[in-house]
Structures are given as C-alpha cells and as structure tokens.
Amino acid sequence: MNAPRARVARRPVHGVLLLDKPIGLSSNQALQKAKWLLRAEKAGHTGTLDPLATGVLPLCFGAATKFSQMHLDADKAYATTVRLGIKTSTADAEGEVISERPVSVTPEQLAAVVQQFTGPIAQVPPMHSALKKDGKALYEYARAGIEVERPARHVTIYALKVLESLVDTAQPAIKLVVDCSKGTYIRTLGEDIGEALGCGAHLSALRRVRTGGFSEGQCITLEALEAMSEAQRLACLLPVDALLPGHVPVTLDSDNAARFLSGMRRRGPWPDANDVVVYAAGSKSLLGTARVEAGELIPVRLLSPQEISESQALQEAMEQSLKPVNATLALGA
C-alpha cells in the first residue's frame, strides 16, 4: 500500500516559469506539478496546449496571474507533422480513424495549398476544444456524440513553411512550421490542408516553439525542475514584468507610488500611451500597469502592497540561498 503524499506547505511565489510541457500531460496537469514543486499558493497558465502537444507553456505564479491575459493574446509559432490520407475524429493522433484516402500530392499542389493558407483565413473551431456554447465546453458535446454549429473565426497565418515533404513514403506526411495569430487551431489547419490536398489529414505531432517573445530555448522541463534544489527552482522564475514587453516604463517617487497603488491618478510629463508599466523609485518594485491620457497616469492593473513586499522578500531570500552556489561556481572557473 502506497504511503500518502506528504502535505506541502504552500507559500507566496511571484513570477513566470517557462515550462517545456511534456507529451501526455494536459496543461493543467503540468501546471499543478510545477506548482507543487515550487510550493506556490497561486498559479495559472497562459494558453492551453493539448496533451499531444509539447513545448512553450508560460506558467504564472502569484502576482503574474494578473497579467496572464496579455500573453494569451500573443502571436505563436508551432512545428507540426501533418499525417496525410487519414482523418480522425479529433483531427489529431488521439482520435479514432473516421476515413482513409489515397495520397497523390505534387510539389506544385503543396506549394499552392501553402499559399492558400497563408495570410488571413477563417477557421471553424474543432468540436474537441474548450470553447463554450450555451455554457458548455464543445468537447463535452463531442464526447456525447453531439455536433453543434460553430461560427467561423478569423485568424492570421503570418508564415507557413514546409520543413520536409514526405508525401511519397509509406506514411505520407508533411512537416510544417506555422507562425500565427492568437486563436489559431493548428489541428484545424492540418485538417483543412488535408482536405485542400484531396486526401484528408490529421496532426501526428505538435510542438509550440514560441509564444510572444518566449522561445523553446528559454524553457525548462519538469524533469530538470524536479532534480533542482528549491533555491535553483526559484531562480528559474522570470520577474512578473516579463509578461509586459513593449510597455512604456514610468517610475514614481515614494509619495506618488503610494497614491498610485491606492488607485489614484497621477499627473506628470508623460506622453499618451495605452500600455504603461509602473515602478517605484529606489526599490525598482513593479507597481502595476496603467495608461497615460493628457498627462494623467491612470491605473489599470495594480499589485497589492502585500504582493510587492512578498516579491521583494522572495528575491532577497533567493539571492542569499544562491550565494554558496555562485561562490562554488566562481572558485571552479
């Protein structure tokens, strides 16, 4: 009989972890594992990856969850393998085969189809998705064998590149890199490409290689995270403002910072801007986001004083705990 897992003492953790999600886990399962390893109180992710998919999954902890929506809207890039000739119920390898057709694709046909699916396109969301209709997720209807009408959504494929064409092999496929806007369903794209080629298709592999400014080379695996000390895990966290690239920085003195945190507008010599990130002078602490209109700094999303002090305390504790590690590395250099 297995012994019960020891209860983990949670603590406030603030920051962003770039996880390389493994195959076979849902995004939420991967999040819960990382949350447990960091002993974090509050966490969320910035966009779901299917269990079949791997790759870049930014995880937000503590105050970072306040800004996760901004990253949901980020452009993304994927590497995928589209298996030709076989259509499945889920448009990926997890579904049941529903049709098979012979594959006869010329390089010219493939080039034309790639051109057809580059730029603004319309997609009908797959039934096996988390989108909701009448308060119920589409995948719930799908599991019950019910297909409901879904309006097409407009997305943009910025670039669609064929990495490798394997159309003349025993298992015909094409390997693609897709650079796309938010809301793009790569499963639907693969299935639609298969229909355009006249043979049907499904995704046999999918990897997110970039989301916004975060790329796969910055990510850490769950296995690597598990092998680390607690201090090393915390050191993997990016600061909360990593979610705010492109925001115009504004720094406030202590008096104005306190008033800003209470939700008051501040006046200053700032040009109009929709996306502003606000810091406190001296401590350089992140206070939140704002916009500037006619010289007024208007709060949008604010950290609480408790979140700010917890972030500072965590940073100091992490620096102290890593000092022996850094000293050892310096001696070995």
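This structure is a prediction, so every number in the text was calculated from the model and none was measured.

Trainee: I'd love a proper account of the overall build of the protein chain, names of residues and values included.
Mentor: If you tally the helices and strands in the protein chain, you get nine helices and 18 strands. The buried share of the protein chain, reckoned over its 333 residues, is 44%. For the protein chain, restricting intrachain contacts to residue pairs at least 6 apart in sequence, the fraction spanning at least 24 positions comes to 69%.

Trainee: Any chance you could break down the pattern of salt bridges for me, citing the residues and the numbers?
Mentor: With the rule as written, the count across this model stands at 15 salt bridges. A salt bridge links E195 to K87; the shortest N-O distance between them is 3.7 Å. Of this pair, E195 sits in helix α5 (residues 186-196) while K87 sits in strand β5 (residues 86-88), placing them 108 residues apart in sequence. Looking at K87, the relative accessible area reads 22%, which means it is partly exposed. With its nearest N and O atoms 2.8 Å apart, the salt bridge here joins D179 to R210. Of this pair, D179 sits in strand β11 (residues 173-180) while R210 sits in strand β12 (residues 201-211), and the two are 31 residues apart along the sequence.

Trainee: Hey, could you go over the nonpolar core for me, with residue numbers and the actual values?
Mentor: By size, the foremost hydrophobic cluster in this structure holds 46 residues, and its most contacted members are L17, F61, L160 and I193. In terms of residue count, the dominant contributor to this core is helix α1 (residues 27-38) (five residues). Ignoring anything within four residues of it in the chain, the contact list for L17 reads A34, L38, L57, P58, L59, F61, I220, L225, C236 and L237. Counting residues in each nonpolar core, the second largest holds 29 residues, with L18, A280, A290 and V292 among its members.

Trainee: Outline α5, supporting the account with residue identities and numerical values.
Mentor: Counting buried positions over the eleven residues of α5 gives eight, a clear majority of the element. All of the buried residues along α5 are I186, R187, T188, L189, G190, E191, I193 and G194. Two residues or fewer past α5, G198 is found with a positive phi of approximately 80 degrees.

Trainee: Any chance you could break down the side chain of D20 for me, citing the residues and the numbers?
Mentor: The topology assignment puts D20 in strand β1 (residues 15-21). Assessed through its relative accessible area of 15%, D20 is described here as buried. Here G55 takes part through its backbone nitrogen, which lies 3.4 Å from a polar atom of the side chain of D20. Excluding anything up to four places from it in sequence, D20 contacts G55, R207, C219, I220 and T221.

Trainee: Mind laying out the confidence of the model for the protein chain, listing which residues take part and the relevant values?
Mentor: Here the protein chain shows a mean pLDDT of 89. Residues at 70 or above account for 88%. Overall, residues 325-333 carries pLDDT values under 50, and its contacts beyond four positions in sequence, including any with other chains, amount to zero contacts.

Trainee: Tell me about the environment of N256, and name the residues and values.
Mentor: Locating N256 in the fold gives a position in helix α8 (residues 254-261). For the pair N256 and A280, spaced 24 residues apart in the sequence, the C-alpha separation amounts to 8.8 Å. Engagement of the side chain of N256 in a polar contact is seen with the side chain of R266, the distance being 2.9 Å.

Trainee: Run through helix α3 (residues 107-116), naming residues and quoting values.
Mentor: Within α3 the residues assigned to the buried category are L110, V113 and V114. The arc that holds every buried residue of α3, seen down its axis, measures 105 degrees, which confines them to one face. The outward face of α3, more than 90 degrees from its buried face, is lined by the exposed residues E108 and Q115. On the buried face of α3, the contacting elements are β10 (153-166), β11 and α5.

Trainee: Which residues make up the environment of R207, and what values do they have?
Mentor: In this fold, R207 is placed in strand β12. Take R207: its relative accessible area is 23%, and that puts it in the partly exposed class. In sequence terms R207 and G55 are 152 residues apart; their C-alpha atoms lie 5.2 Å from each other.

Trainee: Tell me about the sheet that holds strand β15 (residues 266-267), residues and numbers included.
Mentor: In a beta sheet, neighbouring strands pair by backbone hydrogen bonds and run either parallel or antiparallel. Taken in spatial order, the five strands make up an open sheet running β14-β16-β17-β18-β15, and their pairing is mixed. The open sheet has two edge strands, β14 (248-252) and β15, and neither has a second partner. Here β14 pairs with strand β16 (residues 273-280) via five bridges, running parallel. For L252, the partnering residue across the bridge sits in β16 and is A280. Docked against the sheet, α8 engages β14, β15, β16, β17 (286-293) and β18 (296-302), running at close to 85 degrees with respect to β17.

Cut-off values and rules
- Residues numbered from 1 in each chain as written.
- Predicted model: local features only at pLDDT ≥ 70, side-chain atom pairs only at ≥ 80, totals over all residues.
- Heavy atoms only, no water.
- Helix = DSSP H or I, 4+ residues; strand = E, 2+ residues; numbered from the N terminus.
- Buried < 20%, exposed > 50% of the residue type's maximum accessible area, 1.4 Å probe, protein only.
- Contact = heavy atoms within 4.5 Å.
- Salt bridge = Lys/Arg side-chain N within 4 Å of Asp/Glu carboxyl O.
- Core = buried A, V, L, I, M, F, W, Y, C linked by side-chain atoms within 4.5 Å.
- Polar contact = N/O pair within 3.5 Å; in protein donor to acceptor, adjacent residues only side chain to side chain.
- pLDDT = per-residue confidence, 0-100.
- Arc of directions from axis to C-beta.
- Pairing = 2+ DSSP bridges.
- Axes fitted to C-alpha atoms, helices over the stretch in contact; angles between N-to-C directions.

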